[in-house]
Amino acid sequence: MSDYLVKELMVPLSEYATVPEGSTLFDAVLELEKAQEEFDHTKYKHRGVLILDKNKRIIGKLGQLDVLRALEPKNEELSDVDQLGQFGFSSNFIRNVRKQLRLQATPLKGLCSKAAKLKVEDFMQAPSEGEYIDQEASLEIAVLQLVMGQHLSLLVTKGKKIVGILRLTDVFAAVFHTMKECEIIL
Amino acid sequence: MKELEKLLDRIIQRININLRELDYDVGPFIKNLVPLDQMVKFYAFYGITPHHPLDFVFRHSSLAGSYFLGKIRTRNSILYKSDIRGDELKHRGDVFHYQKFEIPVNRDEGIDIEDSFLVKTLVHNFSHDPETLEKFFINDTVAAHYANIHGSPSDGCFLGPFATVDLTTMRDCIIGAFSYVQAGEIGHLNVGPGTVWVRSPDDFNFLYHHSLPDLDPYINYGPGRPPQGLLIDFVRDRKEDFKRVFDVVKLDTPVMVPPNASLDRYAVIKPKIHISENVLVAERAYLQNAWLGKGANAQENCYIINSRLEGFNVTAHGAKIIEADLGKNIFVGFNSFLRGRARSRLNVGDECIIMPHTIIDIKKPLTIPPGHLVWGMITGSDDLSLNSMTLKDFSKIDGGRIHGNMSFEGRGARFVSAFRERIHHILEANGAFFNGRDRRGHAQKNQNISFNTIQPYTDGEFEGLFPTIIIQP
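A.B. asks: I'm lost on the overall build of chain A in this one. Help?
C.D. replies: From N to C terminus, chain A includes 8 helices and 7 strands. Considering chain A as a whole, with its 186 residues, one finds that 22% of them fall into the buried category. Partitioning the intrachain contacts of chain A with sequence separation of at least 6 by distance along the chain shows that 63% fall at a separation of at least 24.

A.B. asks: Looking at this structure, how should I read the overall build of chain B?
C.D. replies: Tallying secondary structure elements over chain B gives 9 helices and 47 strands in all. In summary, chain B has a C-alpha radius of gyration of 21 Å against a globular reference of 23 Å for 473 residues, a match within 12%. With the C-alpha coordinates of chain B rotated into their principal frame, the extents come out at 60 × 55 × 45 Å. For chain B, the residues scored as buried account for 53% of the 473 residues in total. At a minimum sequence separation of 6, the contacts of chain B that also span at least 24 residues come to 37%.

A.B. asks: Would you take a moment to explain the confidence of the model for chain A for this structure?
C.D. replies: Regions with low pLDDT carry predicted coordinates that are not meant to be interpreted in detail. Across chain A, the average pLDDT comes to 84, with 88% of residues at 70 or higher. Here helix 6 (residues 108-115) of chain A is the element of chain A with the lowest mean pLDDT, 70, and strand 5 (residues 132-134) of chain A is the one with the highest, 94.

A.B. asks: Can you help me understand the sheet that holds strand 46 (residues 450-454) of chain B in this one?
C.D. replies: Neighbouring strands of a sheet are bound in pairs by backbone hydrogen bonds; such pairs are parallel or else antiparallel. Read from one edge to the other, the open sheet built from 12 strands follows the order 44-45-24-23-20-17-14-11-6-3-1-46 (chain B), with strand pairing classed as mixed. The open sheet terminates on both sides in strands that have one partner only, identified here as strand 44 (398-403) and strand 46 of chain B. With direction set aside, neighbouring strand axes in the sheet form an average angle of 10°. With respect to the sheet, helix 5 (residues 91-104) of chain A is in contact with strand 44 and strand 45 (406-411) of chain B, its orientation differing from that of strand 44 of chain B by roughly 40°. Across the face of the sheet, helix 8 (residues 412-429) of chain B comes into contact with strand 23 (195-200), strand 24 (204-209), strand 44 and strand 45 of chain B while running at roughly 95° to strand 45 of chain B.

A.B. asks: Would you mind going over the domain arrangement of chain B with me for this structure?
C.D. replies: One frequently used descriptor of interface size is the decrease in accessible area upon assembly of the parts. Residues and elements named next belong to chain B. Here the domain parsing of chain B yields domain 1 (2-235 + 450-471) and domain 2 (239-445). Between domain 1 and domain 2, the residue contacts involve 32 residues of the former and 31 residues of the latter. Mapped onto the side of domain 1 that touches domain 2, the elements with two or more residues apiece are strand 11 (122-124), strand 14 (148-150), strand 17 (164-166), strand 23, strand 24 and helix 4 (230-236). No other element matches strand 24, which puts 6 residues into the side of domain 1 that touches domain 2. Taken together, the residues that form the side of domain 1 that touches domain 2 break down as 15 nonpolar, 11 polar and 6 charged.

A.B. asks: What exactly am I supposed to notice about the sheet that holds strand 12 (residues 135-139) of chain B here?
C.D. replies: Taking strand neighbours across the sheet as the criterion, the 8 strands line up as 21-18-15-12-9-4-2-47 (chain B) in an open arrangement whose pairing is mixed. Whereas interior strands pair on both sides, the edge strands pair on one side only; in this sheet they are strand 21 (184-187) and strand 47 (469-471) of chain B.

A.B. asks: Teacher, can you tell me more about the interface of chain A and chain B here?
C.D. replies: Every contact between the two is made by 11 residues of chain A and, on the other side, 11 residues of chain B. Put simply, the parts of the chain that give the side of chain A that touches chain B at least two residues each are helix 4 (76-84) and helix 5 of chain A. Considering each element in turn, the side of chain A that touches chain B owes the most residues, 4 residues, to helix 5 of chain A. Split into classes, the residues belonging to the side of chain A that touches chain B amount to 5 nonpolar, 5 polar and 1 charged.

A.B. asks: Mind showing me how you'd approach the pairing of strand 6 (residues 153-158) of chain A here?
C.D. replies: Residues in a regular strand project their side chains so that they alternate between the two faces of the sheet. All names here are of chain A. Where strand 5 lies against strand 6, 3 bridges are found, and the strand directions are parallel. Looking at the pairing, Ile133 lines up with Val156 of strand 6. Note on the crossover from strand 5 through helix 7 (residues 139-149) to strand 6: the handedness is right-handed. With 6 bridges connecting them, strand 6 and strand 7 (residues 161-167) associate as antiparallel partners. Within the sheet, the bridge partner assigned to Lys158 lies in strand 7 and is Lys161. From the end of strand 6 to the start of strand 7, which pair antiparallel, there are 2 residues, and Gly159 there has a positive phi angle of about 65°.

A.B. asks: In this structure, what is going on with the pairing of strand 1 (residues 44-48) of chain B? I would like to understand it.
C.D. replies: All names here are of chain B. For strand 1 and strand 46, the ladder comprises 5 bridges, and the chain directions are antiparallel. Bridge assignment links Ile48 to a residue of strand 46, and that residue is Ser450. Here 2 bridges tie strand 1 to strand 3 (residues 67-69), and the two strands are oriented parallel to one another. If you follow Tyr46 over to strand 3, its bridge partner there is Phe68.

A.B. asks: Would you mind showing me how to read the nonpolar core here?
C.D. replies: A general feature of soluble globular proteins is that nonpolar side chains tend to end up buried together. All names here are of chain B. One finds Val281 and Leu287 to be the most contacted residues of the largest nonpolar core, which totals 143 residues. Broken down by element, the residue count for this core peaks at 5 residues, all from strand 29 (residues 286-292). Both of domain 1 (2-235 + 450-471) and domain 2 (239-445) provide at least three residues apiece to this core. Excluding its chain neighbours within four sequence positions, the residues that come into contact with Leu287 are Ala267, Val268, Ile269, Lys270, Ile273, Val281, Ala298 and Ile304.

A.B. asks: Can you help me understand the environment of Asp233 of chain B in this one?
C.D. replies: Residue and element names in this part refer to chain B. Inspection of the secondary structure assignment puts Asp233 in helix 4. The class for Asp233 is exposed, based on 11 C-beta atoms found within 10 Å. Separated by 28 residues in sequence, Asp233 and Asn205 place their C-alpha atoms 33 Å apart.

A.B. asks: Could you clarify how one ought to interpret unusual backbone geometry in this entry?
C.D. replies: Negative phi values dominate among residues other than glycine, just as trans dominates among peptide bonds. All names here are of chain B. Even without glycine at this site, Asp23 takes up a positive phi of about 55°. The topology assignment puts Asp23 in the loop between helix 1 (2-18) and helix 2 (27-30). One non-glycine residue, Asp140, lies in the positive phi region at around 45°. Within the secondary structure, Asp140 sits in the loop between strand 12 and strand 13 (142-143).

A.B. asks: Please clarify how the environment of Lys294 of chain B should be interpreted in this entry.
C.D. replies: Tracing the sequence through the fold places Lys294 of chain B in the loop between strand 29 and strand 30 (297-298). Sequence-wise, Lys294 of chain B and Lys328 of chain B are 34 residues apart; in three dimensions their C-alpha atoms are separated by 9.4 Å.

A.B. asks: What is the right way to read helix 8 of chain B from this model?
C.D. replies: Counting along an α-helix, one turn takes 3.6 residues, and residues three or four places apart therefore face a common direction. Between its first and last C-alpha, helix 8 of chain B extends 26 Å over 18 residues, near the 26 Å set by a 1.5 Å rise per residue. The elements touched by buried residues of helix 8 of chain B are strand 24, strand 32 (314-315), strand 35 (331-332), helix 7 (391-396), strand 44 and strand 45 of chain B.

Reading guide: rules and limits
- Residues numbered from 1 in each chain as written.
- Chains lettered and ligands numbered in written order.
- Predicted model: local features only at pLDDT ≥ 70, side-chain atom pairs only at ≥ 80, totals over all residues.
- Helix = DSSP H or I, 4+ residues; strand = E, 2+ residues; numbered from the N terminus.
- Buried ≥ 20, exposed ≤ 12 C-beta atoms within 10 Å, placed from the backbone.
- Contact = placed C-beta atoms within 7 Å.
- Rg over C-alpha atoms; globule rule 2.2 N^0.38 Å.
- pLDDT = per-residue confidence, 0-100.
- Pairing = 2+ DSSP bridges.
- Axes fitted to C-alpha atoms, helices over the stretch in contact; angles between N-to-C directions.
- Domains from an automatic or database assignment.
- Nonpolar A, V, L, I, M, F, W, Y, C, P; charged D, E, K, R; others polar.
- Right-handed = clockwise from strand over helix to strand, strands pointing away.
- Core = buried A, V, L, I, M, F, W, Y, C linked by C-beta atoms within 7 Å.
- Expected span 1.5 Å × (residues − 1).

Okay, structure coming up:
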C-alpha cells in the first residue's frame, strides 16, 4: 500500500501536551491550548492530553470527549436513565429523557468551574493493549489497529519506551496521499 | 437432616450455575434463610374440592407448612410455608389465545417445581407462556419470604423477599427485594430492589424505582442475614395469631359468612368482621376490625385491619390495608402497604388503582380522590401529587412521560384499559359477580374445601424430608 512507517507520521512525545497525575481538568485544558499554539506541524490541532505518573510514564489519555463527559452532571437521575435501556425503553425515549434532565440540571457555566477542580485521572482513558504500536510498524498495521480498536490515536513505542503519538488524522492524511498517488499512476 | 442439607447445597449449586453470567452467588443469601430444623416442625396440607383436579406427586422434597391445591409435582425441592395454589390452572380442552394464535390445551396444566427453594412464597394463576401451556414450571429457583410467583414460569432465578413476578416467563434472572415485574418474558436480567416494572411490548412500558434509602426501613436484605424491616416486623408481630389456626384441627367460623362468600379456615379472623356477599377471604389472610363490602376479596398474605372496603375491591396477594377507608372498585396491587393512623386515616376514592408494591404510610390524614392511578412511596400530600395522576390524564399520554421517579412510554390509554380488564378478570375469577346461578368463582368454588395433612420424617437421615407421596382421586 505504501512505504510509510509509523515513526514518520507520529508526533514526538516532546511536542505533545502532557500533564502530571493529580492535575485538574482545567490544567489539562490549559496545557492543550499551549501545545496547540506551539505545534505547527499540520493544520490539524492536538485533540488530547497525555497523563504522566511521577516516573513520567503515560498512564492515560484525555480526549475532547472525555472533557465534555466530565462536564456532564452526574446525578442519580441521570444514572437511572442509563438503566432504562435494559427495561425495554426505546432509544428515542432515553434520548428525550436525557435532554429533559440536562436542561433541568446546572447550566454549563457553573459546571465548568466545578470541572476545573476535577482530577484528570478520574476521566482519562487508560491505554488498552491494542493502543501501542512499534515505531517501525507500517501504515497498514497502524490502520488495522485504529480501525479494530476504534481509537483516535495510538501510543508509539521504541523498545519499552513511548516515543510519540500516532494520530488518526495523520494516518488518514497519509492514506489519502497514497490514494492520490495511485490515481496519478492509473 | 443429612439428606436435607445435601438437597439445599444441590439447589444452591444449580441456581449459581444458572446465574453465573450475572456473577451471583445465592449461597450467602439463603444458607440461613430458614434453619433446616424448622422443616420437621410443620405438616404440609392439601385441599380437596369437587371443582379442582386432585393430582399431587411429591418426591424427595421438604414441604413444611406448605399448602397445595390442584395438580402439582415437586421434586428435589424445599418449600417452607408456601402456598402452591393451582385453582386457576388451564384445563384440557381450553383454548389459549396468544397474539394471532389459538392454541388448544391438550392436558390439564400442572405446577411443576424442581430443584427449588421457596420460602413463604405464593405460586398462583397459570402459565402465560405459549411455549409451555400445560406445564407451569419452577426450576432451579429460590424465592425468599413473601415472594409471589404469579403466572410466571421460572428457570434459574432468584427472587428477593416481597418480590413479585407476574405473568412473566423468566430465565436466569435476579429480582430484588420488593420488586414487581410484569413484562411477558425476561432473561439474564438483574432487577434491583424496589423496581416496579410493567411492560407490554409495543403498547406501554411503566417503570418506577423506589429510592433505596426510603425503602430500607421497610425491607432490606443482604447476604448472611434474613430479611429485615418494618414489613417483616409487621408480619412477625401477628405470627402467633396464625399459629392457632394451623394448630387446631376443627375451628368454628367466628363470623357470619353469606352462602355465596368464602372464608378460608386458614385465615385469621379477629373481632368485628363483616363479610358481605361474594366476598373471598383466602388462606393466610388476616382480618381485624374489617368491613368487606360485596365482591371484595382478601387474597393470600393480605392484612386488612381497622379498615372498611365498600365493595368490588381487589386486595391482591400480600397487600396490607391498615386504618383506611376504601371506596368501591379499588385495586390494591401485590404487596402494597397502605397504612393510615387511628386519628389520621387514609381515604381512597372509588375506582382508584394502587399499583403493585406501592407504600402509602401517612401520619396526617390523606385523601386520594376517585379515579387516580397511584404508585411509589407516599408519606403525605406532596408525595401524592408526585406519585399519582388521574386515570383520565394518564390515558392521554401518548409517547412518553417522566413523573418523579416514574418513567412511562407508550399509550397511557392502553395501560389503563389493560389494568381495568385485569381487575375485572380478577373479580370475575374470584366470584365477585356471582348472581346466584352464573359467574361462579373462587368465592363459591372454594367453599367446603376439606384439608388433609401430610408429615415429614422426624428423625434419621431423611429428617425434614417427606416420603414420596402420590395423591390422586
